[in-house]
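Spelled out, the chains give:
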Amino acid sequence: MSDFNQQVIEEFRANGGKVGGMFEGAPLVLLTTTGARSGRRRTNPAVYLRDGERVLVFASNAGAEANPAWYHNVLANPRVIVELGEDRFAARAVPLEGEERDRMYARQSAIDPAFAAYQEGTDRVIPVVALYPETERLQAFGDELARIHDHLRGELAKVREGAPASDLRVHCLAFCDAMAFHHNGEDRVAFPHLEKLFPELEEALDRLRAEHAMIAELLGKLREAADPQTLDRIANELEAHFAYEEEQLVPVLNSLESVPWA
């Protein structure tokens, strides 16, 4: 992904679909496709046109001789993710043909003459793709991760504040088991899939794995001898770890329409 595209995507998501620069004022959508060869998720900003319930996007590639990569992706994998303003939904991508394609492209060209110039500048017929929203809205998997973290925060708070000293080790063991289960699942199952889908996360995932190992070591000490000082350190380390993980992974997980490791 180019730095320019990434900047547009970040600005779009931070401002409810509004961006500045060359796209200021343009109706913009984020289209996430699955790579035809790589199988990885790719997100691209695109100008769109509303047509009833469906959303139309145009594979103009600024008038270049080749279709953009995202168009080849939707031919191979028609199920896509659409981000429109603050809304996000799964959709089925269908290229338009014949008279319908010509009519919709002419409509877009009348609204934005740049599209007429794009077509005049290339010998290919610029594809028009209709995005048909699926009726079922997406579950936000990143939000679910945050909810899991909140549950673990709550369990740790109970151990620190509510358990009598005589029962501290028993309560700590239960919390240690829950943390180990959560982190082992991420290390063995979730992270390898995310690394494949989103190579740009490699550095962040390596840091999270290292933090898992450090926290596991602290949990081991807590199992051997439950003491308030170790518990306090775990609480501080976990809060920093959860905050970083949510910052890095929640937006990515929320872009998925299904859990690939399920």
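Rules behind the numbers
Residues numbered from 1 in each chain as written. Predicted model: local features only at pLDDT ≥ 70, side-chain atom pairs only at ≥ 80, totals over all residues. Heavy atoms only, no water. Salt bridge = Lys/Arg side-chain N within 4 Å of Asp/Glu carboxyl O. Helix = DSSP H or I, 4+ residues; strand = E, 2+ residues; numbered from the N terminus. Buried < 20%, exposed > 50% of the residue type's maximum accessible area, 1.4 Å probe, protein only. Pairing = 2+ DSSP bridges. Axes fitted to C-alpha atoms, helices over the stretch in contact; angles between N-to-C directions. Parallel < 35°, antiparallel > 145°, perpendicular 65-115°, else oblique. Left-handed = near helix turned anticlockwise from the far one by under 90°. Contact = heavy atoms within 4.5 Å.

**Here we look at the pattern of salt bridges**
Oppositely charged side chains can form a pair if their charged atoms are brought close together. Throughout the structure, instances matching the rule amount to 15 salt bridges. Where Asp51 meets Arg107, a salt bridge forms, and the shortest distance between an N and an O atom there is 3.1 Å. With a gap of 56 residues between them, Asp51 in strand 2 (residues 41-51) and Arg107 in helix 3 (residues 98-111) connect regions that are remote in the sequence. Residue Arg103 pairs with Glu99 through a salt bridge whose shortest N-O separation is 2.9 Å. Of this pair, Arg103 and Glu99 both sit in helix 3, separated by four residues, roughly a single helical turn.

**Some details on the pairing of strand 2**
Strand 2 sits mainly inside the fold: nine of its eleven residues count as buried. Looking at chain direction, strand 1 (residues 28-34) and strand 2 are connected through seven bridges and run antiparallel. Within the sheet, the bridge partner assigned to Thr34 lies in strand 2 and is Arg41. In this antiparallel pair of consecutive strands, strand 1 and strand 2, the connection spans six residues, and Gly39 shows a positive phi of 75°. Here four bridges tie strand 2 to strand 3 (residues 54-58), and the two strands are oriented antiparallel to one another. Each bridged residue has a counterpart across the sheet, and for Leu49 the counterpart in strand 3 is Leu56.

**What about the packing of helix 7 (residues 202-224) against helix 8 (residues 228-253)?**
Packing of helix 7 against helix 8 brings their axes to within 10 Å, and their N-to-C directions diverge by 160°. One way to sum up the angle between helix 7 and helix 8 is to call them roughly antiparallel. You can see that helix 7 and helix 8 cross each other, and the crossing is left-handed. Residues Ala204, Leu205, Arg207, Leu208, Glu211, His212, Met214, Ile215, Leu218, Leu219, Lys221 and Leu222 of helix 7 form the contact with helix 8, whose own contacting residues are Thr230, Leu231, Arg233, Ile234, Glu237, Leu238, His241, Tyr244, Glu245, Gln248 and Leu249.

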